[in-house]
Amino acid sequence: MRDYENEVKDIYDDAAVINISSIIDDIWRCLARYWLSMLLVILSSAALVLSVAGFIYYPEYKATVTYMVNKTQDSSQNILMAKYLGTAFEETLTASGCGQDIAKALGVDSLDSVPAVITGYYVEGINMITIETVSDHYSVSQRAADAIKEIYPSYASDVVGNVDLKEVKNPMNEKEPITPYHAVYYGLIGGILGGFACVLFVVFYTASQKTVRSTEDIRRITNIPCLTQLPTILMKARSRRRNEMNLGKSRVGNEFQDLLNVVGFKLEHKKRDGDSKVFLVTSSGRNEGTTTIAAGLARGLAAIGRKVVLMDMNLHQKTNPDNYLVMQVNQAGIANYLAGDIEVKDILQEVDKNFFMIPAGTARDAIDKLLTKGDIPKLLQYLKEEEAFEYIIIDSPPVTLMNDGVIIGGYVDETIYVVKQGQSKMRSVEEGIDTLQSSGINILGYILNFAESGITGNGKYGKYSKYGYSKYDEYVGYENERY
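Scoring rules and cut-offs
Residues numbered from 1 in each chain as written. Predicted model: local features only at pLDDT ≥ 70, side-chain atom pairs only at ≥ 80, totals over all residues. Heavy atoms only, no water. Pairing = 2+ DSSP bridges. Helix = DSSP H or I, 4+ residues; strand = E, 2+ residues; numbered from the N terminus. Axes fitted to C-alpha atoms, helices over the stretch in contact; angles between N-to-C directions. pLDDT = per-residue confidence, 0-100. Contact = heavy atoms within 4.5 Å. Patch = residues over 30% accessible without salt bridge, like charges linked within 9 Å, V, L, I, M, F, W, Y side chains within 5 Å. Areas by Shrake-Rupley, 256 points an atom, 1.4 Å probe, with all protein chains shown as cover. Salt bridge = Lys/Arg side-chain N within 4 Å of Asp/Glu carboxyl O. Buried < 20%, exposed > 50% of the residue type's maximum accessible area, 1.4 Å probe, protein only. Core = buried A, V, L, I, M, F, W, Y, C linked by side-chain atoms within 4.5 Å.

Thoughts on the sheet that holds strand 2 (residues 117-123)
Spatial ordering of the open sheet is given by 2-3-1-4, a layout of 4 strands whose pairing is antiparallel. Here the strands that pair on one side only, and so sit at the sheet edges, are strand 2 and strand 4 (164-168). Pairwise comparison of adjacent strand axes, ignoring direction, gives a mean angle of 25 degrees for this sheet. Two strands pair when backbone bridges link them, and strand 1 (residues 61-70) and strand 4 are joined in this way by 5 bridges, in the antiparallel orientation. Residue pairing for strand 4: Val-69 is matched across the bridge by Leu-165.

Description of the confidence of the model for the protein chain
In this model, the protein chain carries a mean pLDDT of 79, and residues with pLDDT of at least 70 account for 78%. Considering only residues more than four positions removed or in separate chains, one finds that residues 7-18, a stretch of pLDDT under 50, has 2 contacts. For the stretch residues 319-324, pLDDT sits under 50, and the model shows 24 contacts to residues farther than four places along the chain or on other chains.

Topic: the sheet that holds strand 5 (residues 226-231)
Taken together, 8 strands build an open sheet; the order of strands is 5-12-11-6-10-7-9-8 and the sheet is mixed. In this open sheet, the two strands that pair with only one neighbour each are strand 5 and strand 8 (349-352). Neighbour-to-neighbour, the strand axes of the sheet open up by a mean angle of 25 degrees, direction not taken into account. Bridge analysis of strand 7 (residues 308-312) against strand 10 (residues 391-395) gives 5 bridges, and the strand direction is parallel. Residue pairing in the sheet places Val-309 in a bridge with Ile-392 of strand 10. Across the sheet, helix 15 (residues 426-438) lies against strand 6 (278-283), strand 11 (414-420) and strand 12 (443-451), angled at about 175 degrees from strand 11, the strand it touches most.

Some words on a nonpolar patch on the surface
Taken together, Trp-35, Leu-36, Leu-39, Leu-40 and Leu-43 make up a surface patch of nonpolar side chains, about 510 Å² in accessible area. Position of Leu-40 relative to the elements: it lies in helix 1 (residues 2-56).

Considerations on the pairing of strand 2
Inspection of the sheet shows strand 2 paired to strand 3 (residues 128-135) by 7 bridges, in the antiparallel sense. Residue Tyr-121 lies in a different strand from strand 3, and its bridge partner there is Thr-130. Count of turn residues in the strand 2/strand 3 antiparallel hairpin: 4 residues, of which Gly-125 carries a positive phi of about 90 degrees.

Observations regarding the environment of Leu-338
Mapped onto the secondary structure, Leu-338 falls in helix 10 (residues 334-338). In this structure Leu-338 comes out as buried when scored by relative accessible area, which is 0%. Taking the C-alpha atoms as reference, Leu-338 lies 8.9 Å from Leu-379; in sequence the two are 41 residues apart.

So, the pattern of salt bridges
For the coordinates displayed, the defined rule picks out 6 salt bridges. The partner of Glu-132 in a salt bridge is Lys-62, and the shortest N-O contact between them spans 3.6 Å. Linking Glu-132 in strand 3 with Lys-62 in strand 1, this pair joins segments that are 70 residues apart in sequence. Taking the relative accessible area as the measure of exposure, Glu-132 reaches 15% and is therefore buried. Here Lys-378 makes a salt bridge to Asp-375, at a shortest N to O gap of 3.8 Å. Placement of the pair is Lys-378 and Asp-375 together in helix 13 (residues 375-385), with a separation of 3 residues, close to one helical turn. One salt-bridge network, held together by shared partners, links Asp-146, Lys-149 and Glu-167.

A look at the nonpolar core
Counting residues in each nonpolar core, the largest one holds 31 residues, and the members touching the most others are Val-69, Leu-85, Ile-102, Tyr-152 and Leu-165. Of all the secondary structure elements, the ones that give two or more residues to this core are strand 1, helix 2 (75-87), helix 3 (89-95), helix 4 (98-105), strand 2, strand 3 and helix 5 (138-160). By residue number, the principal contributor to this core is helix 5, which donates 10 residues. Residues in contact with Val-69, not counting those within four places in the same chain, are Asn-78, Met-81, Ala-82, Leu-85, Asn-127, Ile-129, Val-163, Asp-164 and Leu-165. Core analysis: the next-biggest nonpolar cluster, separate from the first, contains 29 residues, Tyr-337, Leu-338, Leu-348 and Ile-392 among them.

So this is what it looks like as C-alpha cells:
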C-alpha cells in the first residue's frame, strides 16, 4: 500500500513539474516572440505619460520677504508683535487697503486680479514674519514681492503701532520653480505602467495557451512517435515572376532540410521493411507547414537518387501564384485528371533531377465527387508501375477542416501528421489523429513544426538534429553503394 501511494505521489509530482515547465516555457516564448512589441509598449507608455504631464504641468515660482520685528528692547514683546502680525496678515491684506495698493502697484484693478498668491505667517519662537508670493511666472512673483516691501511696513505700523521691520535677505529667491518638471520621474512612472500592461499580457497569453507547446503535450493525447522537431525558420525570398518554376530551389536553411532528411531516413527504413511508397502529409489546421515539409521531404529523397513525385491534393484551394506548389497560374493538374479532361503524362512535370510534381489543377465539379470516383487508385498505380516512382508524397488539406485527407488517406501506405507549436490546438490535434486512426489510416508519426526551444529545454531540437543527420549520412552512403 505504501509503494502504491508513493507511486501515485510521484505521478502527481511529475505532472506538476511538467505544468510548471510548460508555464515557464510559455512565458519565455511569449517574451522571445513579443519582446520588441513589449519594449515599444513600455516606451510608448513612458512617452505618453511624459506628454500628458508636460501638457498639464505649469511651474510655480516663489519670492519670499522676511522681516525681523523690533518694537521694544524686550525680545519677548517683539516675538508677540511678530506673532500678532503673522496672525493678522490676511486681514491686513484684505481689509485695510494693503491688498488694493499692492494690486495697483502691479497694474491690476483688485487683489483678486493679482496673478499671484500672497500669504504671510509667523516664524515660531523668534521675532520674524515671512511673506511669500507664488506665481506661475518668475517675474510676477518678484514684482509682487517688491510691491510688498514698499507697501506692507506702513500698514504693519497701523496694526501694532510704530514698529521697525528690518528685511532679512532670503537666499530662497531663485529663478528655479518650486515645482520642477521631473522628466525622469514621469518617464519612470510611464515605463512602470507600460511594464504592468506587458505583465498582464504575458499572464493572459500564458493562461490562454491551449495549443501544443512541446512533445510532452502530444504524449498526453496519443502514443504516435515524433519523427522530428523542425525549428522556426525565415523563408528565403522567391522570385516575384509568377510563371517561374522554383520548387526545386530550397527556400529553407540547411538545418531545416537536414532535419527533414532525418524523416527521409525513416521513410527509407519503412520502405525497405515493406512496400510503403505512398505517404500523405496532413495536419489539423491551415498554415501549419504541410506544404513546405512535403516539398522538403521530396527534395531530400530526390537528392539521394530516389525518384520522387510530389502531389498537391489541396484541391479546395483556389489557384494562387503565392502558393509554394503553384508553378503557373491556372495550370492543369490532378483535379483536371480526376474530371477526365487530361492524361497523367500531361500533368506530370519535372522539377529537378529525380524530382517531379503534379499540381492541384482547377476543379470544375464538387471535390468530394472527384475524390470518390475511384480514379485516385488508378493514378497511384500508374505512378508506381508506369513511371516507376519510388516515393509518392501527397500534400493534403487539414483533416479536421474537410474530408479530403481522410478520403486520400485510404489510398496511402503511411501518414505524416504535422503539428505547429504554438498554433495547433490540442483538441484539434487529438480530433485529427482520432479521425485518421478510426478510419483505419496508418500514421507513421508526427512532425513538430516551428519548434522553439523553451527556457526549460522543451522544444529543443539541436542534439537530435546532429545525431539524426549523422546517422542519415551514414545510411545514405551505404544505400548509394548498394545501388
